[in-house]
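What the coordinates show
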Amino acid sequence: STFLLYFVLFDLQVHGIVRRSSSFNTGRIEHLYKNPQAHIEGNMKLHYGDLTDSTCLVKIINEVKPTEIYNLGAQSHVKISFDLAEYTADVDGVGTLRLLDAIKTCGLINSVKFYQASTSELFGKVQEIPQKETTPFYPRSPYGAAKLYAYWIVVNFREAYNLFAVNGILFNHESPRRGANFVTRKISRSVAKIHLGQLDCFSLGNLDAKRDWGHARDYVEAMWLMLQTDEPEDFVIATGEVHSVREFVEKSFKHIGKTIVWEGKNENEVGRCKETGKIHVTVNHKYYRPTEVDFLQGDCTKARQKLNWKPRVTFDELVREMVDADVELMKNNPNA
């Protein structure tokens, strides 16, 4: 969702945009309802809208008159962006322009602070290691290319209209609320199911892709801090540590008492449990991207110095939290 935040006296009210669906699709934020069972709103109010509909954005922003806008709305799955390239460009790229234009149309340029969710995928085929705010961009997917447009249109509105607008170039941020079709959550869910005897084996793509993984909780704090500064600036948010998909798998299984031993090469590689001899992980080429991003590592020195921000959750703690959360989830709802 795209979240519009504003303050009323001393009470924080959160307004969000949610796309219309035939079923409730607010599972990851249901704990924010005053009454989750009845979907009764408290300090959070949801509006039906879409980043492809400029009219609804103008209407909502004009009604809410927020002081802070966090644009977290996107088609954010990199692999899927190759299949839905035009839609990804419309939502992730032009959608950002629609939001900025809506702010301008509503006459809120001087009263709104705008946060744009940029991404480490902007760096793609990395031009230097580690990547920081001055590293040249080289996106390697329709998702990255769409986000590149969004990045520069935010800079343009900041410079052309003096809008307080910032880009948060966030490296991978995970949590138990991560979508089930993203690799970290796919791993934690599958490992949980194997632990509970609900699954024997699952498939992944590039096991050797390396990412700078942090916890979403830490990164959301950084997003907020960016809008509390005196002058708008863009920031890289990252841990500075790099781990492979293979390592995420190994640590997830280790947490449930299994040791994964790798056998074979490339698409024939499998992950076998040392204790039982069972194959739990296979490789499937359909999960590979047409153009791979092999290595991303962020340098958050600027955020440390100017925002006094640093990550608190370690990689090991993140993996354990995600696996534990999915074990509990699958115990109560094996079909989740």
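How each quantity is defined
Residues numbered from 1 in each chain as written. Predicted model: local features only at pLDDT ≥ 70, side-chain atom pairs only at ≥ 80, totals over all residues. Heavy atoms only, no water. UniProt positions renumbered as here; feature names shortened; annotations may be inferred. Helix = DSSP H or I, 4+ residues; strand = E, 2+ residues; numbered from the N terminus. Polar contact = N/O pair within 3.5 Å; in protein donor to acceptor, adjacent residues only side chain to side chain. Pairing = 2+ DSSP bridges. Axes fitted to C-alpha atoms, helices over the stretch in contact; angles between N-to-C directions. Contact = heavy atoms within 4.5 Å. Expected span 1.5 Å × (residues − 1). Buried < 20%, exposed > 50% of the residue type's maximum accessible area, 1.4 Å probe, protein only. Arc of directions from axis to C-beta. Core = buried A, V, L, I, M, F, W, Y, C linked by side-chain atoms within 4.5 Å. Salt bridge = Lys/Arg side-chain N within 4 Å of Asp/Glu carboxyl O. Parallel < 35°, antiparallel > 145°, perpendicular 65-115°, else oblique. Left-handed = near helix turned anticlockwise from the far one by under 90°. Nonpolar A, V, L, I, M, F, W, Y, C, P; charged D, E, K, R; others polar.

The chain is annotated in an unreviewed UniProt entry as GDP-mannose 4,6 dehydratase from Baryphthengus martii. UniProt, in its Pathway (unreviewed entry) section for the chain, records the words "Nucleotide-sugar biosynthesis; GDP-L-fucose biosynthesis via de novo pathway; GDP-L-fucose from GDP-alpha-D-mannose: step 1/2." In UniProt, the chain has this text filed under Catalytic activity (unreviewed entry): "GDP-alpha-D-mannose = GDP-4-dehydro-alpha-D-rhamnose + H2O".

Structurally, the position occupied by H15 is in strand 2 (residues 11–18). Side-chain polar atoms of H15 contact the side chain of H47, separated by 2.7 Å.

The next subject is the sheet that holds strand 14 (residues 270–273). The strand order across the open sheet built from four strands is 8-15-14-13, with neighbouring strands paired in mixed fashion. At either end of the open sheet lies a strand with only one pairing partner, and these are strand 8 (202–204) and strand 13 (260–263). Adjacent strand axes in the sheet meet at a mean angle of 25°, parallel and antiparallel pairs treated alike. Both strand 13 and strand 14 contribute to a ladder of four bridges, which runs antiparallel. Residue E263 lies in a different strand from strand 14, and its bridge partner there is V270. Docked against the sheet, helix 5 (residues 183–195) engages strand 8 and strand 15 (279–283), running at close to 160° with respect to strand 8. Lying on the sheet, helix 7 (residues 245–255) is in contact with strand 8, strand 13 and strand 15; it crosses strand 13 at an angle near 145°.

Moving on: helix 9 (residues 315–332). The first and last C-alpha atoms of helix 9 sit 26 Å apart over 18 residues, in line with the 26 Å expected at 1.5 Å per residue. Those residues of helix 9 lying buried are F315, L318, V319, M322, V323, D326, V327 and M330. Projected down its long axis, helix 9 shows its buried positions confined to an angular sector of 165°, all on one face. Residues K331 and N332 are exposed on helix 9 and point more than 90 degrees away from its buried face. Those residues of helix 9 that are buried are in contact with strand 7 (173–174), helix 5, strand 10 (214–215), strand 12 (243–244) and helix 7.

A word on unusual backbone geometry. Between I129 and P130 the backbone carries a cis peptide bond, its omega angle lying at -5°. Within the element layout of this structure, P130 appears in the loop between strand 5 (113–119) and helix 4 (142–161).

Before going further, it helps to examine the nonpolar core. Note on soluble globular proteins: their nonpolar side chains tend to be buried together. The biggest cluster of nonpolar side chains holds 26 residues, and the ones touching the most others in it are I187, F202, L204 and F253. For this core, the secondary structure elements donating two or more residues are helix 5, strand 8, helix 7, strand 13, strand 15 and helix 9. In terms of residue count, the dominant contributor to this core is helix 9 (seven residues). Here L204 is in contact with V183, K186, I187, V245, V249, V281, T282, V283, N284 and Y287, once residues within four sequence places are set aside.

A complete count under the given rule lists 15 salt bridges for this structure. Across the pair E121 and R211 runs a salt bridge whose closest N-O atoms are separated by 4.0 Å. With E121 in the loop between strand 5 and helix 4 and R211 in strand 9 (residues 210–211), this residue pair connects regions lying 90 residues apart in the sequence. In this structure, the salt-bridge partner of E233 is K302, at a minimum N-O distance of 3.2 Å. Of this pair, E233 sits in the loop between helix 6 (216–226) and strand 11 (235–237) while K302 is found in helix 8 (residues 301–306), placing the two residues 69 residues apart along the sequence. On the basis of relative accessible area, E233 is assigned to the partly exposed category, the value being 23%. One salt-bridge network, in which partners are shared between bridges, spans E121, R211 and R289.

This next bit is on the pairing of strand 5. Counting buried residues along strand 5, six of its seven residues qualify, which places the element largely inside the surrounding structure. Relative to strand 5, strand 4 (residues 68–71) runs parallel, the two being bridged by four bridges. The residue of strand 5 that forms the bridge with Y70 is Y115. Across seven bridges, strand 5 lies against strand 6 (residues 164–170) in parallel orientation. Directly across from K113, in strand 6, lies its bridge partner F164.

To continue, consider the packing of helix 7 against helix 9. In the contact formed by helix 7 and helix 9, the axes pass within 9 Å of each other and the chain directions differ by 60°. The orientation of helix 7 relative to helix 9 falls into the category oblique. Pair helix 7 / helix 9 crosses with right-handed handedness. Of the residues in helix 9, those in contact with E247, F248, K251, S252 and H255 of helix 7 are F315, D316, V319, R320, M322, V323 and D324. Split by residue class, the contact of helix 7 with helix 9 holds five nonpolar, two polar and five charged.

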